[in-house]
Amino acid sequence: MEDESIRINEISDCRQRAIICKEPNLNSSQIFKSICNTIINYPHLTKHEKKYLINDLIRIRDAQNVIENTGERRKCEYCNNQVIAITYCESCIRDYLERDFSKWTAGRSYILKNLKNSRTTDEKWLKNDKQAM
Ligand SMILES: [Zn+2]
């Protein structure tokens, strides 16, 4: 069985090296691919650690692209909308949250208020939510 432990210091070193070593004059998608290639070719991480690091970077990239409403779009296989995130569908999540509005408690009223107002201003809500975390 493959060792699934994570060496945080080695992962951090690899992340730093990948970010520093990216090629110049690339767009954001090319930069991301360059960083992933550096990680894949980095000899001091296990396969599991490389997968962990790349998944972590994908999650960060998804959040950044959804907040900034940038990046390549894909068609969600469930809702058929054009969406940005790779690891989830922001449209399906939005629909799921809106369906359960009636179950939300008063303690989450600030989220509800922001979400209701977010139908046309998704970026604003996401930025406010990020600041609240
Ligand atoms: Zn969807």
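Nothing here was measured: the structure is a model prediction, and the numbers come from that model.

A. Summary view of the overall build of the protein chain. A count of helical and extended segments in the protein chain gives 6 helices and 2 strands. Ordered by position from the N terminus, the helices and strands of the protein chain form the series α-α-α-β-β-α-α-α. Looking at the protein chain as a whole, 9% of its 133 residues qualify as buried. Partitioning the contacts of the protein chain with sequence separation of at least 6, the portion at a separation of at least 24 is 40%.

B. The arrangement of the nonpolar core in detail. Cys-14, Ala-18, Ile-35, Ile-39 and Leu-53 form the largest nonpolar core, which has 5 residues in total. Elements that contribute at least two residues to this core include exactly helix H1 (8-20) and helix H2 (28-41). With near-sequence residues (within four places) excluded, Ile-39 lies in contact with Cys-14, Ala-18, Lys-50, Leu-53 and Ile-54.

C. Highlighting the environment of Ser-12. Residue position: Ser-12 is located in helix H1. With 11 C-beta atoms counted inside 10 Å, the residue Ser-12 sits in the exposed group.

D. Fine view of the packing of H1 against H2. In contact at an axis separation of 8 Å, H1 and H2 are set at 135° when each is read in the N-to-C sense. Considering the angle they form, H1 stands oblique to H2. The way H1 lies across H2 gives a crossing that is right-handed. In this structure, H1 contributes Cys-14, Arg-17, Ala-18 and Ile-19 to the contact, and H2 contributes Ile-35, Thr-38 and Ile-39.

E. Molecular detail of the packing of H1 against helix H3 (residues 47-68). The geometry of H1 relative to H3 is characterised by a closest axis approach of 11 Å and an angle of 55° between their N-to-C directions. On the basis of the axis angle, H1 is oblique to H3. Here H1 runs over H3; the crossing is right-handed. From H1, Glu-10, Ile-11, Cys-14 and Arg-15 reach across to H3, where they touch Glu-49, Tyr-52 and Leu-53. Each residue belonging to the contact of H1 with H3 can be placed in one class, and the counts come to 4 nonpolar, no polar and 3 charged.

Cut-off values and rules
Residues numbered from 1 in each chain as written. Predicted model: local features only at pLDDT ≥ 70, side-chain atom pairs only at ≥ 80, totals over all residues. Helix = DSSP H or I, 4+ residues; strand = E, 2+ residues; numbered from the N terminus. Buried ≥ 20, exposed ≤ 12 C-beta atoms within 10 Å, placed from the backbone. Contact = placed C-beta atoms within 7 Å. Core = buried A, V, L, I, M, F, W, Y, C linked by C-beta atoms within 7 Å. Axes fitted to C-alpha atoms, helices over the stretch in contact; angles between N-to-C directions. Parallel < 35°, antiparallel > 145°, perpendicular 65-115°, else oblique. Left-handed = near helix turned anticlockwise from the far one by under 90°. Nonpolar A, V, L, I, M, F, W, Y, C, P; charged D, E, K, R; others polar.

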